[in-house]
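Understanding the architecture of this molecule
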Amino acid sequence: LYLRRHQPVRQRKEGGFYTPRPIADLLVRASFRAFERENKSAKAKILDPAAGAGVFLLTAFRELVAATWREKGARPDTRQLRAILYNQLTGFDVNEEALRFAALALYLISIELDPEPKPVDKLGFDDLRGKVLHHVGSARQESASTLGSLGDHVGKEHSGAYDLVVGNPPW
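We now turn to the structure provided with this report. Everything numeric here is computed off the predicted structure, so don't read it as measured data.

**Considering the nonpolar core**
- One finds Phe-32, Ile-46, Phe-61, Leu-89, Leu-106, Leu-128 and Leu-133 to be the most contacted residues of the largest nonpolar core, which totals 32 residues.
- Mapped by element, the contributors of at least two residues to this core are α3 (21-37), α4 (55-72), α5 (78-88) and α6 (96-113).
- Among the elements that make up this core, the one with the highest residue count is α4 (eight residues).
- When neighbours within four sequence positions are excluded, Ile-46 is seen to be in contact with Phe-32, Phe-35, Ala-60, Leu-64, Gln-88, Leu-89, Thr-90, Tyr-162, Leu-164 and Val-166.
- Judged by nonpolar contacts, the second largest core, of six residues, contains Phe-92, Val-136, Val-154 and Tyr-162.

**What about the packing of aromatic side chains?**
- Evaluated as defined, the whole model comprises two aromatic pairs.
- Geometrically, the ring pair formed by Phe-32 and Phe-35 is edge-to-face, given 5.5 Å between the ring centres and 85° between the ring planes. One end of the pair, Phe-32, and the other, Phe-35, are both in helix α3, three residues apart, so they sit about a helical turn from each other.
- For Phe-32, a relative accessible area of 0% puts it in the buried group.

**Observations concerning the pattern of salt bridges**
- Here the structure, examined in full by the defined rule, presents ten salt bridges.
- Among the ionic pairs, Glu-36 bridges to Arg-70, the shortest N-O distance being 2.9 Å. Here Glu-36 is found in helix α3, whereas its partner Arg-70 is found in helix α4, with 34 residues between them in sequence.
- By relative accessible area, Glu-36 is classed as partly exposed at 29%.
- For Glu-96, the salt bridge identified is with Arg-100, shortest N-O distance 3.4 Å. With a gap of four residues between them, Glu-96 and Arg-100 both fall in helix α6, about one helical turn apart.
- The partly exposed category is assigned to Glu-96, whose relative accessible area is 22%.

Rules used in this analysis
- Residues numbered from 1 in each chain as written.
- Predicted model: local features only at pLDDT ≥ 70, side-chain atom pairs only at ≥ 80, totals over all residues.
- Heavy atoms only, no water.
- Core = buried A, V, L, I, M, F, W, Y, C linked by side-chain atoms within 4.5 Å.
- Buried < 20%, exposed > 50% of the residue type's maximum accessible area, 1.4 Å probe, protein only.
- Helix = DSSP H or I, 4+ residues; strand = E, 2+ residues; numbered from the N terminus.
- Contact = heavy atoms within 4.5 Å.
- Phe/Tyr/Trp six-rings, centres within 6.5 Å; stacked < 30°, edge-to-face > 60°.
- Salt bridge = Lys/Arg side-chain N within 4 Å of Asp/Glu carboxyl O.

As structure tokens, this is what we get:
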């Protein structure tokens, strides 16, 4: 809403359009039901190539935690939650500010899902930038609707690395 109201040119250029959570939830959860038929849910690696503020990644994180809980028969602890966060979720975006919101949201949900979030020094996180969340834009980049975030500027290490690619265009 902020972009639409105050920076409509930037919104068009970067493809900054919010996906309502119910839509993201529906898409991600339906995909995870397919993984369950193949017993792949707990180990799935997820990519959102137009992550924005992370709405698809948040639902994917919840689904990965639930699948791990079902598979192991016990609620994931802090170490397991961090492993899911750092190793099974990836998001690209052309908007730096959106990635900051995504990082904050992922940190907060990780704390929310932690069965023992105390003591407070247990709440430290690794930086998600460059590992989970990747800024793929540049000052001279074409518009997001032309280039998207799966262009040549995304490293080869991402090719074929994911079980599910989900998100909102313009990727």
